[in-house]
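Each chain, written out:
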Amino acid sequence: MSSEIAKRSNKTIYREGELCYKVFAADYNKADILNEALNQSRVEETGLYIPKVHEVKKLDDGRLAIVMDYVEGTSLAALMAKEPKKLDAYLEKFVDIQLSMHGLSSPNLNKQRDKFNNKISHSGLEATTRYELHIRLNGMPNHNKLCHGDFNPSNVLITPDGKACIIDWSHATIGNASADAARTYLLFKLAGDDAAAEKYLALFCKKSDTARQYVDQWLPIVAASQMVKGKPEEREMLEHWASVCQYE
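Given the structure is predicted, the values throughout are model-derived calculations rather than measurements. (Residues numbered from 1 in each chain as written. Predicted model: local features only at pLDDT ≥ 70, side-chain atom pairs only at ≥ 80, totals over all residues. Heavy atoms only, no water.)

Caption draft 1: Region of interest: the overall build of the protein. The number of helices and strands found in the protein is 10 helices and 10 strands. In terms of overall size, the protein behaves like a compact globule, its C-alpha atoms giving a radius of gyration of 18 Å where 248 residues would be expected to give roughly 18 Å. Based on the C-alpha atoms only, the size of the protein along its principal axes is roughly 50 × 40 × 35 Å. Taking all 248 residues of the protein together, 48% fall into the buried category. In the protein, the proportion of contacts linking residues at least 24 apart, taken out of those at least 6 apart, comes to 65%. Of the roughly 12400 Å² of accessible surface on the protein, 48% is carried by carbon and sulfur atoms. Each charge sign in the protein was given a centre, from 32 positive and 34 negative side chains, and these centres are 1 Å apart. (Helix = DSSP H or I, 4+ residues; strand = E, 2+ residues; numbered from the N terminus. Rg over C-alpha atoms; globule rule 2.2 N^0.38 Å. Buried < 20%, exposed > 50% of the residue type's maximum accessible area, 1.4 Å probe, protein only. Contact = heavy atoms within 4.5 Å. Areas by Shrake-Rupley, 256 points an atom, 1.4 Å probe, with all protein chains shown as cover. Lys, Arg positive; Asp, Glu negative; His and termini not counted. Charge placed at Lys NZ, Arg CZ, Asp CG, Glu CD.)

Caption draft 2: Up close: the nonpolar core. Trp169, Tyr200 and Trp218 are the most contacted members of the largest nonpolar core, which totals 53 residues. If we skip the residues at most four places from it in the chain, tyrosine 200 touches Leu91, Phe94, Val95, Gln98, Ala181, Thr184, Tyr185 and Phe188. Counting residues in each nonpolar core, the second largest holds nine residues, with Cys20, Ile33, Val53 and Ile66 among its members. (Core = buried A, V, L, I, M, F, W, Y, C linked by side-chain atoms within 4.5 Å.)

Caption draft 3: Spatial organisation of the pattern of salt bridges. Scanning the model with the defined rule gives 13 salt bridges in all. Note that lysine 199 and aspartate 88 form a salt bridge whose closest N and O atoms lie 3.0 Å from each other. With lysine 199 in helix 7 (residues 194-208) and aspartate 88 in helix 3 (residues 87-102), the pair connects residues that are 111 residues apart, well separated along the chain. Across the pair glutamate 198 and lysine 189 runs a salt bridge, and its minimum N-O distance is 3.9 Å. When its relative accessible area of 32% is taken as the criterion, glutamate 198 is described as partly exposed. Among the ionic contacts, a cluster of salt bridges with common partners joins Lys189, Asp194, Glu198, Arg212 and Asp216. (Salt bridge = Lys/Arg side-chain N within 4 Å of Asp/Glu carboxyl O.)

Caption draft 4: Structural detail: the sheet that holds strand 3 (residues 19-24). Read across the open sheet, the five strands follow the order 1-2-3-5-4; overall the sheet is antiparallel. Edge strands, defined here as strands with exactly one partner in the open sheet, are strand 1 (3-7) and strand 4 (53-58). Looking at each pair of strands side by side, their axes are set apart by 25 degrees on average, direction ignored. Bridge count for strand 2 (residues 11-16) against strand 3 is six bridges, and the pairing is antiparallel. What sits directly across from lysine 11, in strand 3, is phenylalanine 24. Across the sheet, helix 1 (residues 30-44) lies against strand 3, strand 4 and strand 5 (64-69), angled at about 170 degrees from strand 4, the strand it touches most. (Pairing = 2+ DSSP bridges. Axes fitted to C-alpha atoms, helices over the stretch in contact; angles between N-to-C directions.)

Caption draft 5: Expanded view of the packing of helix 6 (residues 177-190) against helix 9 (residues 219-226). One can describe the packing of helix 6 onto helix 9 by two numbers: an axis separation of 9 Å at closest approach and a directional angle of 60 degrees. For the element pair helix 6 / helix 9, the angle class is oblique. Considering how the two elements wind past one another, helix 6 and helix 9 form a crossing that is right-handed. Residues Ala179, Ala182, Arg183, Tyr185, Leu186 and Leu190 of helix 6 pack against Leu219, Val222, Ala223 and Gln226 of helix 9. Of the residues that constitute the contact of helix 6 with helix 9, the class distribution is eight nonpolar, one polar and one charged. (Parallel < 35°, antiparallel > 145°, perpendicular 65-115°, else oblique. Left-handed = near helix turned anticlockwise from the far one by under 90°. Nonpolar A, V, L, I, M, F, W, Y, C, P; charged D, E, K, R; others polar.)

Caption draft 6: Inspection of the pairing of strand 3 at higher detail. Among the six residues in strand 3, five count as buried, and that is most of the element. The turn linking strand 2 back onto strand 3 is made up of two residues, and glycine 17 within it adopts a positive phi angle of 65 degrees. Here five bridges tie strand 3 to strand 5, and the two strands are oriented antiparallel to one another. Paired with tyrosine 21 across the strands is valine 67, a residue of strand 5.

Caption draft 7: How the structure looks around the state of the cysteines. A complete count under the given rule lists zero disulfides for this structure. There is no disulfide at cysteine 147, and the cysteine sulfur nearest it, in cysteine 205, is 15 Å away. Here cysteine 165 stays free of any disulfide, with the sulfur of cysteine 20 as its closest cysteine sulfur at 10 Å. (Disulfide = S-S within 2.5 Å.)

Caption draft 8: Quick look at the packing of aromatic side chains. Under the definition given, this model contains eight aromatic pairs. Look at phenylalanine 94 and phenylalanine 188: their rings are 6.1 Å apart centre to centre, the planes differ by 80 degrees, and that puts the pair in the edge-to-face class. Remark: phenylalanine 188 occurs in helix 6 and phenylalanine 94 occurs in helix 3; sequence separation between them is 94 residues. Taken individually, phenylalanine 94 and phenylalanine 188 each receive the classification buried, so the pair is uniform in this respect. (Phe/Tyr/Trp six-rings, centres within 6.5 Å; stacked < 30°, edge-to-face > 60°.)

Written as structure tokens, this is what we have:
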């Protein structure tokens, strides 16, 4: 691979000509890699502008890589950091992109409710809290909208001609758009950007004509699902969000 684009603890992104290689650590779960490639391939079928998957390839060193189109662009996160005075405009664009995605469906994707129920079960929360969260989740409206599951400004690329390309589909499901919004709100909060979190959610509710109280009902559920990642620095905040009763 000719040039490194991004690096995280368990994966590295490279560019080679018109292709992009997402290379996973040797101990990364193979089923999760194949599921991510399958998710992305299924989302392609909706017509949404995303990088097209070409193959899952085993490299010479034994690591697996998802090979996809390289898309030239700058993330909305980088644009927001570079031009903080334009934050409101970028957030508005961000919400519009999310709502366009929610207007689509991909019936063969995993169901959001099944994924949340599984994550609640493995959250490490006390049995009583897990029971309450399962009951809450199973009582929420069941929709079939395309949900990203990790929709944050880092996962939206703006191309030189102004198009929006959404990347990183490992958490994609079909389900409830407000749950997807609650997760985006939580990601802003976990990043310590409370002001952007509030502006984002106000915009989402206004543009989608959704009651803030309804999105709030999803917050304990998405907080519990985030706990599966096992990040010690997030634990206290997530336990609070998952356990509170103020969203009743």
